[in-house]
Amino acid sequence: MTAQTSTTRLTVAQALVRFLAAQYTERDGVRQRLIGATWGIFGHGNVAGLGQALVEYGDDMPFHQGRNEQSMVHAAVGYARQSNRLSTHAVTTSIGPGATNLVTGAALATVNHIPVLLLPGDIFATRVADPVLQQLEVPYAGDVSVNDTLRPVSRYFDRVTRPEALIPAALQAMRVLTEPVETGAVTLALPQDVQAEAYDWPDEFFAERTWVVRRPGADPTELAEAVRAIRAARRPLIVAGGGVHHSRAEEALAEFAEATGIPVASTQAGKGSLRYDHPQDVGGVGHTGTATADELARTADLVIGVGTRYTDFTTASNTLFAADGVRFLNLNIAPYDGHKLAGLPLVADARSGLGELTAALQTHGHRVTDAYVTEYSEDKERWEQRVDACYEAEEPDVRPTQPQVLGALDALADESDVIINAAGSLPGDLHKLWRARSRDQYHLEYGYSCMGYEIPAAIGVKLAAPERNVWALVGDGTYLMMPTEIVTAVQEGIAIKILLVQNHGYASIGGLSESVGGERFGTAYRYTSDDGTFTGAPLPVDLAANVASLGMRVLRAKTVRELREALAEARRADTPTCVYVETETADTVSGPPPAQAWWDVPVAETATRPSAVKARELYERHVSTRRRHL
């Protein structure tokens, strides 16, 4: 006779909330909740299901009220990244536009390998109301809804069309959220009728579960090959990517670099893997990198990638690593990334792999030559002098340049500050110039470089680390994309700081447009001229007034001196505060050192305008230097 299983009768939505509240992760003996809270905007597709369930079990599941579905995902991503991917948030929306608004945030999460749980409402599984409000009718397929747009940007997708199907779907969702190789956006599409349907759930479904996040070590054969490659190299260079941070491998990287003397360059995601003043740190690498790191990259005979995907910004579109016979050694937990650039794969957790490499090399007493250390140390000192020059403001009573804005914040920040940015001209300036003082101070979302990420992500980071000073660095173009979560910060008293830089347009794309023969077309925020182009006077948009209208305190700064005072006041504030400063307009240079490496943006092959013809000639010269690493 089969033993009787005890059950509890709940709706699907109620069961899901109870299940999520009982999920935990554990790594290195530290245990924490996997789903720390749920964000939501309610409509007919989720209000009676998940909405009611969150009321029913509000003591078990904290809730945050969002204003835009995409920004709710950004907030969850910010929280998850600050939590080392060991904890995240869930996001619930109604059907229709609420669900499709998730797509951009889901893509961002998946591109950056950040876990987030998406719970969009869906059309009736029973089809009794067909078509329901906001339903997209697909004549060739009755089982397709707009939620299917989330399939290609999710690492796991399931549509729960029966109550009992929630059990395997929910367990698979947790598996993917906690798997370092596979993690990203996870979507459970929930038909609105199924959400409200009751079922007798086995009580074991609600028992606490702990998902152990593994640290796999290296295969002995791969480790031996890696050691041989490092010992044979004369000019090795480490490229530290975001995987260093995800693994909490910063100390292991420092020990490896100190033991071997190998310099460490960093991608946007990896910056801060070593403090800026660590002897082996040589700054950002690639198109937005430092002259020091990029020159080392050009002459390296072995590139040791640690937790990097080798994006085109890092490789300068495969023109940067130019030495004859250069080889790649890729320490990565994902085999897909470990094999890139025809490299030697060392498939392992970053911390585990670095520790094994350090131990193996110490048995041989391996270290690079003193001459190599002297070379990159002197180059680094010269670059720091260039940073000082960019930050310096000899006239404190004039309007600052963008690098001077960063310099004012840099002079104020300490290890407790976190700066967040994602798009525009700021990422390039930050990668070259910012002096990262702690492992998680530099928070750049540059995998998807999504305008609008900064403010909601700052909220997520602040929720994960309420003791930290969290700065969202935002240009006017990005601000206009998604300022809505300011209302959430005000509502919940989440004391983020916003540094809003007004330069009247898309400064980054304006400069790129000019370099590729586009003549800055459509990139400035200006009135139209008689010829129909946007070349008139700057628009009289008062973004500071807009921020204030959303309930946030605003400090206006017109000069370098006022900026320094405003930043200091904002940093002391215990309420949401914005510092607004106007820099040069989008059609002037921002003042940082120019790009130290190329980036491939194809230029028109045929054109009559001189700017495009000249840009094409330069493009062909750069293309000729590209190489395939085989």
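Look up a bit, the structure's there.
Enquirer: I would appreciate a short explanation of the environment of Ala269 in the present structure.
Expert: As for its placement among the helices and strands, Ala269 is situated in the loop between strand E13 (264-266) and strand E14 (281-284). C-alpha separation for the pair Ala269 and Ser513, spaced 244 residues apart in sequence, amounts to 25 Å. Not counting residues up to four positions away in its chain, the partners in contact with Ala269 are Arg81, Gly241, Gly242 and His245.

Enquirer: Any chance you could explain the packing of helix H10 (residues 250-260) against helix H14 (residues 350-362) here in plain terms?
Expert: The description of two helices packed together rests on the angle between their axes and the distance between the axes. Look at H10 against H14: their axes get within 9 Å of each other, and the N-to-C directions meet at 25°. With respect to their mutual orientation, H10 and H14 come out roughly parallel. By crossing handedness, the relation of H10 to H14 is classed as left-handed. Counted together, Ala252, Leu253, Glu255, Phe256, Ala259 and Thr260 of H10 and Arg351, Leu354, Leu357, Thr358, Leu361 and Gln362 of H14 form the full contact between these two elements. When the residues that make up the contact of H10 with H14 are grouped by side-chain class, the tally is 7 nonpolar, 3 polar and 2 charged.

Enquirer: What's the story with the sheet that holds strand E2 (residues 23-27) in this structure? I'm lost.
Expert: Strands in a sheet are paired, the pairing made by backbone hydrogen bonds, and the direction either parallel or antiparallel. Spatially, the 3 strands line up as an open sheet ordered E3-E2-E11, and their pairing is mixed. The two strands at the open ends of the sheet, each matched to only one other strand, are strand E3 (30-33) and strand E11 (209-212). The average angle at which neighbouring strand axes cross in this sheet is 30°, direction not considered. Summarising the sheet, E2 and E3 pair through 4 bridges and their orientation is antiparallel. Within E3, the residue paired with Thr25 across the bridge is Gln32. Packed on one face of the sheet, helix H1 (residues 12-21) meets E2, E3 and E11 and runs near 25° to E2.

What counts and what doesn't
Residues numbered from 1 in each chain as written. Predicted model: local features only at pLDDT ≥ 70, side-chain atom pairs only at ≥ 80, totals over all residues. Heavy atoms only, no water. Helix = DSSP H or I, 4+ residues; strand = E, 2+ residues; numbered from the N terminus. Contact = heavy atoms within 4.5 Å. Axes fitted to C-alpha atoms, helices over the stretch in contact; angles between N-to-C directions. Parallel < 35°, antiparallel > 145°, perpendicular 65-115°, else oblique. Left-handed = near helix turned anticlockwise from the far one by under 90°. Nonpolar A, V, L, I, M, F, W, Y, C, P; charged D, E, K, R; others polar. Pairing = 2+ DSSP bridges.

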